[in-house]
2 protein chains.
Amino acid sequence: MTDGLPMAVPDPALPSRVRIHEVGPRDGLQNEKTVVPVEVKAEFIRRLAAAGLTTVEATSFVRPEWVPQLADAEQLMPMLDGVPARLPVLVPNRRGLDRALALGVREIAVFASVTESFAKANLNRTVDESLEMFAPVVSTAREAGATVRGYLSMCFGDPWEGAVPVERVTRVARRLLDLGCDELSLGDTIGVATPGHVTAVLAALGAAGVPAERLAVHFHDTYGQALANTLAALRYGVTTVDASAGGLGGCPYAKSATGNLATEDLLWMLNGLGIDTGVDLGLLTATSVWMAERLGRPSPSRTVRALSPQES
Amino acid sequence: MTDGLPMAVPDPALPSRVRIHEVGPRDGLQNEKTVVPVEVKAEFIRRLAAAGLTTVEATSFVRPEWVPQLADAEQLMPMLDGVPARLPVLVPNRRGLDRALALGVREIAVFASVTESFAKANLNRTVDESLEMFAPVVSTAREAGATVRGYLSMCFGDPWEGAVPVERVTRVARRLLDLGCDELSLGDTIGVATPGHVTAVLAALGAAGVPAERLAVHFHDTYGQALANTLAALRYGVTTVDASAGGLGGCPYAKSATGNLATEDLLWMLNGLGIDTGVDLGLLTATSVWMAERLGRPSPSRTVRALSPQES
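Chain A is annotated in an unreviewed UniProt entry as Hydroxymethylglutaryl-CoA lyase from Streptomyces stramineus.

All names here are of chain B. Its 15 residues place the ends of helix 11 (residues 281-295) 21 Å apart at the C-alpha level, agreeing with the 21 Å of an ideal helix rising 1.5 Å per residue. For helix 11, the full list of buried residues reads L281, L284, T285, T287, S288, V289, W290, M291, A292 and L295. Buried residues in helix 11 make contact with helix 1 (24-30), helix 2 (38-50), helix 10 (263-272) and helix 12 (302-307). For helix 11, the side-chain oxygen to backbone nitrogen distance between the N-cap and G282 is 2.9 Å, and the N-cap itself is D280. One or two positions beyond helix 11, positive phi appears at G296, with a value near 75°.

Attention shifts here to the nonpolar core. Judged by nonpolar contacts, the single largest core of 208 residues is most densely connected at I108 and L152 of chain A together with I108 and L152 of chain B. With sequence-adjacent residues up to four places away left out, L152 of chain A is seen in contact with A112, V114, V169, V172, A173, L176, L184, S185, L186 and G187 of chain A.

Let's shift gears to the side chain of R302 of chain B. Relative to the helices and strands, R302 of chain B is located in helix 12. Under the relative-accessibility criterion, R302 of chain B is labelled buried at 13%. A distance of 3.4 Å separates a polar atom in the side chain of R302 of chain B from the backbone oxygen of P300 of chain A.

Next up on the list: unusual backbone geometry. In most cases, non-glycine residues show a negative phi, while peptide bonds are predominantly trans. Cis rather than trans, the peptide bond between L5 of chain A and P6 of chain A has omega equal to -10°. As for its placement among the helices and strands, P6 of chain A is situated in the segment before strand 1 (19-22). A positive phi angle, close to 55°, is found at N124 of chain A, a residue other than glycine. Relative to the elements of secondary structure, N124 of chain A occurs in the loop between helix 5 (116-123) and helix 6 (127-143). Of note in this structure, M154 of chain B is not a glycine but carries a positive phi near 60°. When you line up the elements, M154 of chain B lands in the loop between strand 6 (147-153) and strand 7 (157-158). Among the residues examined, M154 of chain B registers a relative accessible area of 3% and is labelled buried.

Consider a sheet: its strands pair through backbone hydrogen bonds, and that pairing is either parallel or antiparallel. Residues and elements named next belong to chain B. Across the sheet, which stays open at both edges, the nine strands sit in the order 2-1-11-10-9-6-5-4-3 with parallel pairing between neighbours. With one partner strand each, in any of the chains shown, strand 2 (55-56) and strand 3 (59-60) form the two edges of the open sheet. Relative to strand 6, strand 5 (residues 107-113) is paired through seven bridges, and the arrangement is parallel. Residue pairing for strand 6: I108 is matched across the bridge by V148.

This paragraph deals with the sheet that holds strand 1 of chain A. Residue and element names in this part refer to chain A. In spatial order, the strands read 2-1-11-10-9-6-5-4-3; together these nine strands make up an open sheet with parallel pairing. The sheet terminates laterally at strand 2 (55-56) and strand 3 (59-60), the two strands that pair on one side only. In the packing of helix 10 (residues 263-272) onto the sheet, contacts are made with strand 1 and strand 11 (240-243), and the angle to strand 1 comes to roughly 175°.

Turning our eyes to something else, we now look at the pattern of salt bridges. All names here are of chain A. Tallied over the full model, the rule gives 42 salt bridges over all chains. Salt-bridge contacts for R235 lead to D11; the nearest nitrogen and oxygen are separated by 3.3 Å. Placement of R235 in helix 9 (residues 226-236) and of D11 in the segment before strand 1 is noted, with a sequence separation of 224 residues between them. Bridged by salt links that share partners, the residues R19, R149, E183 and D242 form one connected network.

Residue and element names in this part refer to chain A. Direction vectors running N to C along helix 8 (residues 195-207) and helix 9 enclose 35°, while the axes themselves pass 8 Å from each other. Of the two possible hands of crossing, helix 8 and helix 9 adopt the one that is right-handed. Contacts between helix 8 and helix 9 involve P195, V198, T199, L202, A203 and G206 from the former and A228, N229, A232, A233 and Y236 from the latter. For the contact of helix 8 with helix 9, the per-class residue count stands at eight nonpolar, three polar and no charged.

This brings us to the environment of A228 of chain A. By secondary structure assignment, the location of A228 of chain A is in helix 9. For A228 of chain A, a relative accessible area of 0% gives the class buried. For A228 of chain A and L205 of chain A, which are 23 residues apart along the polypeptide, the C-alpha to C-alpha distance reads 20 Å. Apart from the residues lying within four places of it in its own chain, the contact partners of A228 of chain A are P195 of chain A together with L227, A228, L231 and M269 of chain B.

Before going further, it helps to examine the packing of aromatic side chains. One pass over the full model with this rule turns up nine aromatic pairs over all chains. Taken together, a centroid distance of 5.8 Å and an interplanar angle of 50° make the contact between F111 of chain A and Y151 of chain A tilted. Taken together, the residues span a long stretch of sequence, with F111 of chain A in strand 5 (residues 107-113) and Y151 of chain A in strand 6 (residues 147-153) at a distance of 40 residues. What makes F111 of chain A partly exposed here is its relative accessible area of 22%. Owing to a relative accessible area of 2%, Y151 of chain A belongs among the buried residues under this scheme. A centroid spacing of 6.4 Å and a plane angle of 70° characterise the contact between F111 of chain B and F118 of chain B, whose relative ring orientation is edge-to-face. Looking at F118 of chain B, the relative accessible area reads 13%, which means it is buried. Following the ring pairs from residue to residue traces out a cluster consisting of F111, F118, Y151 and W160 of chain B. The ring of Y151 of chain A is capped by R26 of chain A, whose NZ or CZ atom sits 5.4 Å from the centre of that ring. Here R47 of chain A stacks its cationic end above the ring of W290 of chain A, 4.2 Å away from the centre of that ring.

Reading the values: the criteria
Residues numbered from 1 in each chain as written. Chains lettered and ligands numbered in written order. Predicted model: local features only at pLDDT ≥ 70, side-chain atom pairs only at ≥ 80, totals over all residues. Heavy atoms only, no water. Helix = DSSP H or I, 4+ residues; strand = E, 2+ residues; numbered from the N terminus. Expected span 1.5 Å × (residues − 1). Buried < 20%, exposed > 50% of the residue type's maximum accessible area, 1.4 Å probe, protein only. Contact = heavy atoms within 4.5 Å. Polar contact = N/O pair within 3.5 Å; in protein donor to acceptor, adjacent residues only side chain to side chain. Core = buried A, V, L, I, M, F, W, Y, C linked by side-chain atoms within 4.5 Å. Pairing = 2+ DSSP bridges. Axes fitted to C-alpha atoms, helices over the stretch in contact; angles between N-to-C directions. Salt bridge = Lys/Arg side-chain N within 4 Å of Asp/Glu carboxyl O. Left-handed = near helix turned anticlockwise from the far one by under 90°. Nonpolar A, V, L, I, M, F, W, Y, C, P; charged D, E, K, R; others polar. Phe/Tyr/Trp six-rings, centres within 6.5 Å; stacked < 30°, edge-to-face > 60°. Lys NZ or Arg CZ within 6 Å of the ring centre and 35° of its normal.

Following this line, the structure appears as structure tokens:
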């Protein structure tokens, strides 16, 4: 039924090309109950690259006991030799960086919090202490020739603090750039943002000297807002969008669906807007269905479910 | 966790007020497997009005054997006396209109198709034959002092025909206005539209003499696009948006989720944009949870699920 759909109708106010930063293997699998065998992860990442994704965040070099889902980073990375995509990894600290660099990784990400509450909960540090911890990580990575992405979590709302003042975002963003981050990803970790708020944060960052070219957006679909927020970010000039294949990380049966924006839902919109991504929706959907079978439950992506009806 | 969320950040390019045309009791329940007792329907509509919804499409005067879910229209309408909201009803033909007028209904809707395939499948007529059938319905309704909404289904894509040329939409829209319709609701019946396509259809209608003030948009979330499309329509100047409380009409466990845009997901965005609707999100969510309990399954609305975790 989807021959010729969606109809491509470009909007001249939007970018003509977008890079999708695929986070399914890392942010997605990290939040799934099921621990996936390393061979399946490697195959998943190979399939994502074959579908045309040029950036696939592969894993996290966190302490294995903290995130058992990603405890196999050392095994996984050598299995990805020759995969035709950028394969950044998350590193929580200097020890994680050293493990990643030893394996030849040359693209890393650090995960900062905009709010004190989440910095305390996630990193057991104040925001400033966590930035101090990241300083040698970023500088060492860059000395080793690696590029560095800085994640900013809780940019719009926080479960303990409620709405997050825009000034907090610009302050942490400036600090991360000053540390040497190449790109910043603005995370709506609890999914509460709306399009005007997105535009306001981007405008404040612009006024603080952080141009759209250095920014990515990372929306969660907890309240169904992720795609509308993405549209607002594209309109502002952002051209890098984080998404998770099949909506991995959010369970369709969970009491609250807290997953990432599904890459397929994003791609349906971008295809309809005539925005080039290089990604094949059919191959990507097939990959997400394959992964859903490995996880033993259907994909929460509406596009995946519409294109490839699965048993539930 | 949602105190102060979403943070209200108005966008001057968007309307300051939106009227939500609630379709849950009609379009929603019509597409649910479970047949709801008439007393529950009446209570549902009363609760929706109490939550602040000013327009609640109550039922359809279709032949009872066609849509068993709505076979109780004659019983329902008298139970709604005194409900403080506009309560339009769908009428498929002259017989349905007479039944509605006899009960004192003064606001009706007719359901036209933009495509020949769906006109044939749904009405067993060509598009032109269906418009001829509606002509006396609309004129009689107006002579009786009723206002008339014209639904245009399959405005963006059609399961048999694929992408729908914009000219088809403008042609049917003009005809419906010429028949005497007061308002037109543009339906993306299979949920395939994307924001640029929405803007293109609205612009073509504007060029054909159909202003945004006469239009409503009616999006389905089959591919997760409904809210992004709504944002595009608001940016164009549309101020009437159809939505279904709790996403009624789409089952979260269905093989393909084909439901209407959930009113709560819409309201989260509108609240975040500082757009006035008069609707209380807490009361509305409680109503959808109550209705989901009557239907024996959780609401597919992401906002309902986030605000009010339900057993699944």
